[in-house]
Amino acid sequence: MAEKAVVIYSGGMDSFTILNKAKAEGYELYALTFDYGQKHRKEIAFATRVCEELGINHRIIDITAINQLLQSSSLTSDIEIPEGHYEAANMKSTVVPNRNMILLSLAIGYAVDIGASKVFYGAHSGDHAIYPDCRPDFVHAMNKVAKLANYEPVDIVTPYLNSDKTEILADGLKMGLDYGKSWTCYNGREKACGKCGSCVERLEAFAHNHATDPLAYENS
């Protein structure tokens, strides 16, 4: 019998790559997508379609109630989404306080409940500058906590923790993945904006891989 694993699957290109990587490795996958009131809820629809195509057990969890407490992020409030590269200081407005700790806690609990030994999530080096809960120190600490918090040990698996978006995309392209099935833009409009930090990083990754992004962009 295949080993069970939970994947925190947003619908973005990092988690899309991890989902397919874990599937190729033979895990019985249980994908979790969280609706936390993000402006880019469009990613949830992309996640749903992919899981349906791949026949992966998929649950969408509504945790929008946390926005009664967390209103400082431009991803979940009326604050305008900043434009530019992730390393710019204004990108800190996209931080949702404690988001990954909240999502990982729920995913670990789900893993224990269904008897899964691993939780995959898409932390990578491109996020280290802005997002504290994507950095190696955080991931390693959460892995220790996950083993202390339950009788059943659960490993947090981050295949791309020390890789950047360019390297993640390169790995996915080697697997033959169609990135038109992923959504990255922080603005949930019909087309990707091409200007937010998430779009800029994605487009850079495609350029560095000498590949064309299949997503449609505004003003292109």
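A quick note: this is a predicted structure, and the numbers were derived from the prediction, not measured.

Caption draft 1: Spotlight on the UniProt feature "binding site: ATP" (unreviewed entry) in the protein. UniProt feature "binding site: ATP" (unreviewed entry): in the numbering of this structure it lies at Tyr 9, Ser 10, Gly 11, Gly 12, Met 13, Asp 14, Ser 15, Phe 16, Thr 17, Ile 18 and Leu 19. Positionally, Gly 11 belongs in the loop between strand S1 (4-8) and helix H1 (13-24). Residue class for Thr 17 comes out buried when judged on its relative accessible area of 0%. Setting aside anything within four residues of it in sequence, one finds Thr 17 in contact with Tyr 160, Ile 168, Gly 172, Met 175, Leu 177 and Tyr 179.

Caption draft 2: Quick peek at the side chain of Thr 158. Along the polypeptide, Thr 158 turns up in the loop between strand S5 (155-157) and helix H5 (165-174). Thr 158 gets classed as buried once you look at its relative accessible area, which sits at 15%. Excluding its chain neighbours within four sequence positions, the residues that come into contact with Thr 158 are Tyr 121, Ala 123 and Val 139.

Caption draft 3: Looking closely at the UniProt feature "binding site: Zn(2+)" (unreviewed entry) in the protein. UniProt tags Cys 185, Cys 193, Cys 196 and Cys 199 as "binding site: Zn(2+)" (unreviewed entry). When you line up the elements, Cys 193 lands in the loop between H5 and helix H6 (197-208). Setting aside anything within four residues of it in sequence, one finds Cys 193 in contact with Cys 185, Asn 187, Cys 199, Tyr 217 and Glu 218. Within the secondary structure, Cys 196 is located in the loop between H5 and H6.

Caption draft 4: Representation of the pattern of salt bridges. Under the defined criterion, the tally for this structure stands at 8 salt bridges. Put simply, Lys 21 and Asp 171 hold a salt bridge, and the shortest N to O gap is 3.1 Å. Highlighted residues: Lys 21 in helix H1 and Asp 171 in helix H5, separated in sequence by 150 residues. The salt bridge involving Asp 213 is made with Arg 202; its shortest N-O contact spans 2.7 Å. You can see Asp 213 sitting in the segment after H6 and its partner Arg 202 sitting in helix H6, a full 11 residues away along the chain. Side by side, Asp 213 and Arg 202 carry an identical accessibility label, which is buried. Here the salt bridges share partners, and the residues they tie into one network are Asp 14, Lys 165 and Glu 201.

Caption draft 5: Representation of the packing of helix H3 (residues 99-114) against helix H4 (residues 136-149) in the model. Contact pair H3 / H4: the axes reach a minimum separation of 11 Å and the direction vectors enclose 30°. The hand of the H3/H4 crossing is right-handed. Seen from H3, the contacting residues are Asn 100, Met 101, Leu 104, Ser 105 and Ile 108; seen from H4, they are Phe 138, Met 142 and Ala 146. In terms of residue class, the contact of H3 with H4 is made up of 6 nonpolar, 2 polar and no charged.

Caption draft 6: View of the sheet that holds strand S2 (residues 28-35). Spatially, the 5 strands line up as an open sheet ordered S3-S2-S1-S4-S5, and their pairing is parallel. Two strands close off the open sheet at either side, each with one partner strand: strand S3 (57-62) and S5. Geometrically, the sheet is characterised by an average inter-axis angle of 25° between neighbouring strands, direction not taken into account. One ladder, built from 6 bridges, connects S2 with S3; its direction is parallel. Within the sheet, the bridge partner assigned to Phe 34 lies in S3 and is Ile 61. Lying on the sheet, H1 is in contact with S1, S2 and strand S4 (118-120); it crosses S2 at an angle near 165°.

Cut-offs and rules
- Residues numbered from 1 in each chain as written.
- Predicted model: local features only at pLDDT ≥ 70, side-chain atom pairs only at ≥ 80, totals over all residues.
- Heavy atoms only, no water.
- UniProt positions renumbered as here; feature names shortened; annotations may be inferred.
- Helix = DSSP H or I, 4+ residues; strand = E, 2+ residues; numbered from the N terminus.
- Buried < 20%, exposed > 50% of the residue type's maximum accessible area, 1.4 Å probe, protein only.
- Contact = heavy atoms within 4.5 Å.
- Salt bridge = Lys/Arg side-chain N within 4 Å of Asp/Glu carboxyl O.
- Axes fitted to C-alpha atoms, helices over the stretch in contact; angles between N-to-C directions.
- Left-handed = near helix turned anticlockwise from the far one by under 90°.
- Nonpolar A, V, L, I, M, F, W, Y, C, P; charged D, E, K, R; others polar.
- Pairing = 2+ DSSP bridges.

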